[in-house]
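Inside the fold
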Amino acid sequence: MSDELLTLVRQLRQEIDWAARVGVVPSAPSTVSVMEPEPEALPERLKLERAPTLEAVRSIIGDCRRCRLSEGRRQIVFGVGDPAAELMFIGEGPGADEDRQGEPFVGKAGQLLTRIIEKGMGMSRSEVYIANIVKCRPPNNRDPEPDEVESCEPFLQAQIQVVQPKVLVALGKYAAQTLLGVQTPISRLRGRWAKYQGIPLMPTFHPAYLLRNPAEKRPVWEDIQEVLRQLGRNAPGGTS
């Protein structure tokens, strides 16, 4: 090595030693630790993604004022049933009875849904999970507006993520169209398997529609039989 090159190497070593002493660069490799943010500081989206229980999801919702539906509601109607249910029913939104009682599907349509679950499927209502697209009653039972759905659907997605059902059933036109992102009539959607968040989804008629149109109970029974087959269950008194 030439004298000139040796001089340059010595100078470089001296500069490195000096820099290490004054702390400009570390004298030895060091590990940089990244602090996880406190849970309270996380964005709401991440809080929902990490929510371990339905109670945690409900806590994140709080006394929700994220959209105008909060202005006319009595209470938030979150959901009810088995937090580890294989089957989850999803409706449009709470009605007057649900707004009073704080539980989805408790009016006449809810009573019919209960009969479908218990008599048609041979399951108890407590075995399934029941929720809605929106958690607050729309005025005069109108359809939720797109911005109201946008505010509320992340909570439904979090509920599904926690429950992890094997099958979803969308009750009625609005629930089915919202979950599938389509405008196809429910008469064409029902009875045809689709998926939401990777979970098999069966659209069918809403129980309130069946109260007005009893003749449509037969197609719903056909849909329910498909759901039972997907779950690997037998209809009461039947065979798979």
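Side-chain pairs of opposite charge can arise whenever the charged atoms involved come near each other. Evaluation of the coordinates by the stated rule reveals 15 salt bridges. When the shortest N-O distance is used, the salt bridge between Arg233 and Glu86 registers 3.9 Å. Remark: Glu86 occurs in the loop between strand S1 (80-81) and strand S2 (87-91) and Arg233 occurs in the segment after helix H10 (217-231); sequence separation between them is 147 residues. Salt-bridge contacts for Asp223 lead to Arg190; the nearest nitrogen and oxygen are separated by 2.6 Å. In this pair, Asp223 is assigned in helix H10 and Arg190 in the loop between helix H8 (186-189) and strand S5 (194-196), connecting sequence segments 33 residues apart. Taken as a pair, Asp223 and Arg190 share a single burial class, namely buried.

All right, on to the packing of aromatic side chains then. All told, the structure shown has 1 aromatic pair when counted by the stated rule. Ring geometry for Phe205 versus Tyr209: centroids 4.9 Å apart, planes at 40°, classification tilted. A relative accessible area of 8% means that Phe205 is categorised as buried. The partly exposed category is assigned to Tyr209, whose relative accessible area is 26%.

Burial of helix H7 (residues 173-180) is extensive: 6 of the 8 residues sit out of reach of the surface. Along H7, the positions that sit buried rather than exposed are Tyr174, Ala175, Ala176, Gln177, Thr178 and Leu179. Count one or two residues on from H7 and you reach Gly181, which has phi positive near 65°.

Time to look at the packing of helix H3 (residues 54-61) against helix H6 (residues 146-163). Two quantities define a packed helix pair, namely the angle between the helix axes and the distance between the axes. It is the contact of H3 with H6, at a shortest axis distance of 9 Å, that shows an interaxial angle of 165°. By the angle between their axes, H3 is roughly antiparallel relative to H6. Read as a crossing pair, H3 and H6 show a hand that is right-handed. For the pair H3 and H6, contact is made by Leu54, Val57, Ile60 and Ile61 and by Phe155, Ala158, Gln159, Val162 and Val163, respectively.

Another aspect to go through is the layout of surface pockets. Its boundaries defined by the atoms lining it, the largest pocket holds a volume of some 600 Å³. In this structure, the largest pocket is lined by 29 residues; those nearest its centre are Glu92, Gly93, Asn141, His206 and Ala208. For the lining of the largest pocket, the secondary structure elements donating two or more residues are helix H4 (96-101), helix H5 (108-120), H7 and helix H9 (207-212). Here the element with the most residues in the lining of the largest pocket is H9; it accounts for 4 residues. Split into classes, the residues belonging to the lining of the largest pocket amount to 13 nonpolar, 8 polar and 8 charged.

The subject of this paragraph is the nonpolar core. One finds Leu87 and Phe89 to be the most contacted residues of the largest nonpolar core, which totals 61 residues. Here this core gets 8 residues from one element, more than from any other, and that element is H6. Discounting residues that sit within four places of it in the chain, Phe89 has contacts with Leu113, Ile117, Met121, Val128, Tyr129, Ile130, Ala131, Val169 and Leu171.

Going through the model one piece at a time under the given rule, you end up with 2 cavities of 30 Å³ or more. As a volume, the largest cavity reaches approximately 110 Å³. Here the element with the most residues in the lining of the largest cavity is H6; it accounts for 3 residues. Volume-wise, the second largest cavity comes out at about 40 Å³.

Confidence in the prediction of the protein, expressed as mean pLDDT, is 89, and 81% of residues score 70 or more. For the stretch residues 25-34, pLDDT sits under 50, and the model shows 3 contacts to residues farther than four places along the chain or on other chains.

Okay, the pairing of strand S4 (residues 167-171) next. Here S4 lies mainly inside the structure; 5 of its 5 residues are buried. Of the two faces of S4, both are covered, the one formed by Val167, Val169 and Leu171 as well as the one formed by Leu168 and Ala170. The sheet contact formed by S2 and S4 spans 4 bridges and is parallel. Along S4, the bridge assignment pairs Met88 with Leu168.

Basis of the calculations
- Residues numbered from 1 in each chain as written.
- Predicted model: local features only at pLDDT ≥ 70, side-chain atom pairs only at ≥ 80, totals over all residues.
- Heavy atoms only, no water.
- Salt bridge = Lys/Arg side-chain N within 4 Å of Asp/Glu carboxyl O.
- Helix = DSSP H or I, 4+ residues; strand = E, 2+ residues; numbered from the N terminus.
- Buried < 20%, exposed > 50% of the residue type's maximum accessible area, 1.4 Å probe, protein only.
- Phe/Tyr/Trp six-rings, centres within 6.5 Å; stacked < 30°, edge-to-face > 60°.
- Axes fitted to C-alpha atoms, helices over the stretch in contact; angles between N-to-C directions.
- Parallel < 35°, antiparallel > 145°, perpendicular 65-115°, else oblique.
- Left-handed = near helix turned anticlockwise from the far one by under 90°.
- Contact = heavy atoms within 4.5 Å.
- 1 Å grid on protein atoms, 1.4 Å probe; cavity = no way out; pocket = protein on both sides within 12 Å on 5 of 7 lines; lining within 4 Å.
- Points joined across faces, edges and corners; volume = space filled by probe spheres on them.
- Nonpolar A, V, L, I, M, F, W, Y, C, P; charged D, E, K, R; others polar.
- Core = buried A, V, L, I, M, F, W, Y, C linked by side-chain atoms within 4.5 Å.
- pLDDT = per-residue confidence, 0-100.
- Pairing = 2+ DSSP bridges.

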